[in-house]
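Close look at the chain arrangement
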Amino acid sequence: MTALRLGTRSSALALAQARSVADGLRADGADVELVSMKTEGDRRLGATLADIGGKGLFVREIEEALAAGTIDLAVHSLKDLPAEVPDGLELAAFLERADARDVLVSRAPAGLDDLPPGALVGTASSRRRALVLATRPDVRIEVLRGNVDTRLRKLAAGPLDAIILAAAGLARLGLRPDHMTVLPSDVFVPAVGQGIVTVEIRRDDDRTRRAVTRLDHHLTHVCARAERAYLRRLGASCTTPMAAHAVVDGTPASARLRMAAVVASEDGRKVLRAEAAGALDEAEAVGRGLAETLLGQGAAAVAGLDPDRWAR
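This report concerns the structure included in the present document. Predicted model only: the values in this text are computed from it and were never measured.

Reading the values: the criteria
Residues numbered from 1 in each chain as written. Predicted model: local features only at pLDDT ≥ 70, side-chain atom pairs only at ≥ 80, totals over all residues. Heavy atoms only, no water. Helix = DSSP H or I, 4+ residues; strand = E, 2+ residues; numbered from the N terminus. Buried < 20%, exposed > 50% of the residue type's maximum accessible area, 1.4 Å probe, protein only. Contact = heavy atoms within 4.5 Å. Lys, Arg positive; Asp, Glu negative; His and termini not counted. Charge placed at Lys NZ, Arg CZ, Asp CG, Glu CD. Axes fitted to C-alpha atoms, helices over the stretch in contact; angles between N-to-C directions. Left-handed = near helix turned anticlockwise from the far one by under 90°. Nonpolar A, V, L, I, M, F, W, Y, C, P; charged D, E, K, R; others polar. Pairing = 2+ DSSP bridges. Arc of directions from axis to C-beta. Salt bridge = Lys/Arg side-chain N within 4 Å of Asp/Glu carboxyl O. Core = buried A, V, L, I, M, F, W, Y, C linked by side-chain atoms within 4.5 Å.

Another aspect to go through is the overall build of the chain. Across its full length, the chain holds 12 helices and 13 strands. With the C-alpha coordinates aligned to their principal axes, the bounding extent of the chain is approximately 60 × 45 × 40 Å. Here the chain holds 312 residues, and the buried ones make up 51% of them. Within the chain, contacts between residues at least 6 apart in sequence are counted, and of these 68% link residues at least 24 apart. Charged side chains in the chain number 42 positive and 42 negative. The centres of these two groups are separated by 2 Å.

Right, dumping it as structure tokens:
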């Protein structure tokens, strides 16, 4: 049987995630070949996401290779994926979620509240920018892109006082910076899909589906469905300061989905929050309902959402 060709970005973090998927497939007897690719987003790390067309540029070329049959499956960080999956493709498996929270990494020992007045904080995320400014309106934000190790080097070199990263990315790379503070998820609500690795396949490829379905973590899959339903209904882009995070509580017999979401203005002066809960088989309805709640609170005007998309 021919090897499954697994496509991935070529960054250290993307390769670490791809290897975890490859290891799982090999444990079930599959032969796997890693195919690393440079995407447009990787080639233009000096530009902002808004300027280069959004986070879809980190996956577009990989998805084109998947659709063309050059590769058989693609591994992504779920938070990198736009709300809509291209025709003919599907997300077939979601690995068990890692820590979804953000962390503040500082040059000197300090949490967000302890940073000096006017501190310089690096992030390229509109969500992180807004939530930092909502808590500390005095700090200055510098756009910071690049791979995790690049961002850590820029912090060490100064003049940045701190940067914000995903806990999951640091853990997958085996990194634990000296001065790291975990940000509470009830305040710094994680990005949609943060901490989740997903496997994308062609919809008509039954062979690959059978191989990857064994990797799917049911509860993570439920949370991903809820969060992405929220994202689709909100009609948000990568430049929208918004977030949603779902968790499953209770025993298997009494499990319930609980979800928190936020939409904010870019300057952090307006922050709308909402929560919802429901049965696991109502995941997408919970996500859509949470988006409706925030839209009812004025989220479209606060975050500058496209009125043609949300006014349905």
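Note the cis peptide between Gly158 and Pro159, where omega equals 5°. Topologically, Pro159 is positioned in the loop between α6 (148-157) and β8 (162-166).

Moving on: the packing of helix α9 (residues 218-234) against helix α10 (residues 283-296). In contact at an axis separation of 7 Å, α9 and α10 are set at 35° when each is read in the N-to-C sense. Considering only the axes of α9 and α10, their crossing is right-handed. Taken together, the residues of α10 that come into contact with α9 (itself represented by Val222, Arg225, Ala226, Ala229, Tyr230, Arg232, Arg233 and Leu234) are Ala283, Glu284, Gly287, Arg288, Leu290, Ala291, Glu292, Leu294 and Leu295. Residues that form the contact of α9 with α10 fall into these classes: 10 nonpolar, one polar and six charged.

Glancing now at the sheet that holds strand β13 (residues 271-278). One open sheet holds the three strands; their spatial order is β11-β12-β13, and the pairing between them is antiparallel. One side of each edge strand has no neighbouring strand; the edge strands of this open sheet are β11 (242-249) and β13. Strand-to-strand, the axes of this sheet are offset by a mean angle of 15°, without reference to chain direction. Along the sheet, α9 makes contact with β11 and β12 (256-264), crossing β11 at roughly 150°.

Turning next to helix α8 (residues 206-213). Since there are 3.6 residues in each turn of an α-helix, residues three or four apart along the chain are aligned in direction. Considered for burial, the residues of α8 that qualify are Thr208, Ala211 and Val212. Looking down the long axis of α8, one finds its buried residues gathered within 90° of arc, a one-sided arrangement. Looking at the packing, one finds that the buried side of α8 touches β1 (4-9), α1 (12-27), β3 (73-77), β4 (89-94) and β10 (197-202).

A word on the sheet that holds strand β5 (residues 102-106). Ordered by their spatial adjacency, five strands build an open sheet running β7-β6-β8-β5-β9, and the pairing between neighbours is mixed. Single-partner strands in this sheet number two, and they are β7 (140-142) and β9 (180-182). Between one strand and the next, the sheet's axes are offset by a mean angle of 30°, whatever the strand orientation. Bridge count between β5 and β9: three bridges; the pairing is antiparallel. Looking across to β9, one finds that Val103 is bridged to Val182. Strands in contact with helix α5 (residues 126-135) are β5, β7 and β8; relative to β8, the strand with the most contacts, it is inclined by about 130°. Against the sheet, α6 engages β5 and β8, with an angle of about 165° to β8.

The next thing to look at is the pattern of salt bridges. This structure, assessed with the given rule, holds 20 salt bridges. The partner of Arg202 in a salt bridge is Asp72, and the shortest N-O contact between them spans 3.5 Å. Of the two residues, Arg202 is situated in strand β10 and Asp72 in the loop between α4 (60-68) and β3; the sequence distance between them amounts to 130 residues. Each member of the pair, Arg202 as well as Asp72, is classed as buried. Overlapping salt bridges bring together Arg5, Asp72, Arg202 and Asp205 as one network.

It is worth spelling out the side chain of Glu63 at this point. Note on placement: Glu63 falls in helix α4. No salt bridge forms around the buried Glu63; measuring N to O, its nearest opposite-charge neighbour Arg60 is 6.7 Å away. Beyond its immediate sequence surroundings of up to four residues, Glu63 is in contact with His76, Leu81, Pro86, Leu89 and Glu200.

Let us now look at the nonpolar core. Core analysis: the biggest nonpolar cluster contains 31 residues, and Tyr230, Leu234, Met242, Leu257, Met259, Val263 and Leu294 have the highest contact counts within it. Among the secondary structure elements, those contributing two or more residues to this core are α9, β11, β12, β13, α10 and α11 (299-303).

That is the geometry; function is a separate question.
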